[in-house]
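Architecture and fold: a report
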Amino acid sequence: MAEAVLIDFFGLKFNSQKNSHQALLKTLNAVRYHHAAKAKFLCIMCCNNISCERDGAHNNCELEASNGLSTLLREFETVSNPSMAASLYTIKQKIDEKNLSSIKVIVPMHRKTLLKAFIDQLFTNVYSFEFEDLQVTLRGGPLKQSTEISMITAQEVEAIQNEIQTYLRSLPALKGELTIITSPLISDIFLHGFTTRTGGISYIPTLSSFNLFSSSKRRDPKVVVKENLRRLGNAAGFNVEKFYQIKTDHASDVWIMGRKEPESYDGITTDQRGVTIAALAADCIPIVFADPIRKACGVAHSGWRGTLLGIAMATVNAMITEYGCSLEDIIVVLGPSVGPCCFTLPGESAKGFHNLDPECVRLFDSPNPYVDIRKATRILLERGGILPQNIQDLNQDLNLCTSCHPDKFFSHVRDGLNFGTQIGFISIRE
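In the nomenclature of an unreviewed UniProt entry, the chain is known as Purine nucleoside phosphorylase LACC1 of Callorhinus ursinus. Of the chain, the UniProt comment under Subunit (unreviewed entry) reads exactly: "Interacts with FASN. Interacts with SDHA. Interacts with ATF6, EIF2AK3 and ERN1."

In this section: the sheet that holds strand E2 (residues 41-46). Strand order in this open sheet of 5 strands is E5-E2-E1-E6-E7, and the pairing throughout is parallel. The outermost strands of the open sheet, each flanked by one partner alone, are strand E5 (77-80) and strand E7 (128-133). Taken pair by pair, the neighbouring strands of this sheet meet at an average axis angle of 20°, ignoring direction. The sheet contact formed by strand E6 (residues 102-107) and E7 spans 6 bridges and is parallel. Bridging from a neighbouring strand, Ser102 pairs with Ser128 of E7. Against the sheet, helix H4 (residues 112-122) makes contact with strand E1 (4-9), E2, E6 and E7, and its axis sits at roughly 165° relative to E7, the strand it touches most.

Tallied over the entire structure, the rule returns 9 aromatic pairs. Both rings, one in Tyr89 and one in Tyr203, keep their centres 5.7 Å apart while their planes meet at 90°; by these two values the pair is edge-to-face. Here Tyr89, found in helix H3 (residues 84-97), pairs with Tyr203, found in the loop between strand E11 (190-195) and helix H6 (222-236); they are 114 residues apart in sequence, far enough to count as distant. Here Tyr89 matches Tyr203 in class, with each residue buried. Residues Phe123 and Tyr127 carry aromatic rings whose centres are separated by 4.9 Å and whose planes lie at 90° to one another, so their mutual orientation is edge-to-face. With respect to class, Phe123 is no different from Tyr127; both count as buried. Taken together through their ring pairs, the aromatic side chains of Phe123, Tyr127, Phe129 and Phe131 make up a single cluster. The ring centre of Phe123 lies 6.0 Å from the NZ or CZ of Lys92, which sits over that ring.

The omega torsion across Ser208 and Ser209 is 5°, close enough to zero to call that bond cis. Residue position: Ser209 is located in the loop between E11 and H6. Even without being a glycine, Asn399 presents a positive backbone phi close to 55°. The residue Asn399 is located in the loop between helix H11 (394-398) and helix H12 (412-415) in this model.

On to the environment of Ile106. Of note, Ile106 is situated in strand E6. Ile106 sits 24 residues away from Glu130 along the chain, and the two C-alpha atoms are 8.6 Å apart. Apart from the residues within four sequence positions on either side, Ile106 is in contact with Val5, Leu6, Ile7, Asp8, Val31, Glu132, Asp133 and Leu134.

Locating Gln422 in the fold gives a position in strand E22 (residues 422-428). For Gln422, a relative accessible area of 2% corresponds to the buried category. Here Phe410 takes part through its backbone nitrogen, which lies 2.9 Å from a polar atom of the side chain of Gln422. When near neighbours in sequence (up to four residues on either side) are disregarded, Gln422 contacts Thr195, Ala279, Leu280, Ala281, Ala282, Thr402, Phe409 and Phe410.

Rules behind the numbers
Residues numbered from 1 in each chain as written. Predicted model: local features only at pLDDT ≥ 70, side-chain atom pairs only at ≥ 80, totals over all residues. Heavy atoms only, no water. UniProt positions renumbered as here; feature names shortened; annotations may be inferred. Pairing = 2+ DSSP bridges. Helix = DSSP H or I, 4+ residues; strand = E, 2+ residues; numbered from the N terminus. Axes fitted to C-alpha atoms, helices over the stretch in contact; angles between N-to-C directions. Contact = heavy atoms within 4.5 Å. Phe/Tyr/Trp six-rings, centres within 6.5 Å; stacked < 30°, edge-to-face > 60°. Buried < 20%, exposed > 50% of the residue type's maximum accessible area, 1.4 Å probe, protein only. Lys NZ or Arg CZ within 6 Å of the ring centre and 35° of its normal. Polar contact = N/O pair within 3.5 Å; in protein donor to acceptor, adjacent residues only side chain to side chain.

Structure (structure tokens):
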């Protein structure tokens, strides 16, 4: 049984005649009869001469109608916006506020494919949809149930994408201004930074607001993440069309840009100007590498597994092998991550850190010792030959544990599976 029911009246023009109102009344009564007991959200999406005015926190639909229809309409939330993108995005927000995922859409047959195209852009696989044909009497007789359009053209898809992008660009930033943390160690020949959670448009509490990763398991669609990335590119000054991010496997593989791209990797290196590379993270460490002498750079995603597997030095070694970098010239900045104050591992997993250096583990004899992945990363970098003065730990310098600062950062440890993602990025200026 659907948790939410959406009736698509968008673009349908109802007249004020009695038979039109009776048909509308019959349609809404049927929806209420079949779904009101189980559905937690009943919604009408409309436009044209069904107009909606916002009265406080409620939407009241004004329609020249009989008392019966007016009374019935109060049982439905009505969303009326000038565009399909705005209407569906508003409805998605209402569905997400109630944490619903099973949705029935009652839609005129000839609009089903179009509506599906919008839904594919604005929703993820977290949601399930079923569609039912809408039959209602319009001016001059019943709605013509033309054959369902099975596909839409490439031009129509582009128009849908443009409408959605235009709407998302109009939305205000949430939770404050976009903030980029930078390191004074990295030369001005590079663009670089680490993002926080402020200044984006993501509204899901654990993803709000500058989430930079979309997956089938999260409620943030790709178009929202793409808009957040566009805003980051504008603020930082990089070209989002030349933006590449790691494909995390929590291991130690590195993609040397220009060579064949692996299926998964936790590090990237490049010496190409104008190309921005990024490491995703929530509690894992986003690491940025820069060599101002050879004009090469890299990023790495270092979780606890990747740390022990040596992803940081694997990235350094790729820069040395591929670009002729020298150890003494490479700058390494550890971006915001979970600190030893909040991160624990089962005792068996913590052994690897204790074997590396006992100071990386606190309460080692407990079932779940506290582990310092940042200290371990620094130790491995220094043992690998990176100069201590060329390593900056932003957590240590700025007190930036991701789990301790819900106002600034996303955190898997703190927020659970539906966590948001920040990034560390770098590029060589063109």
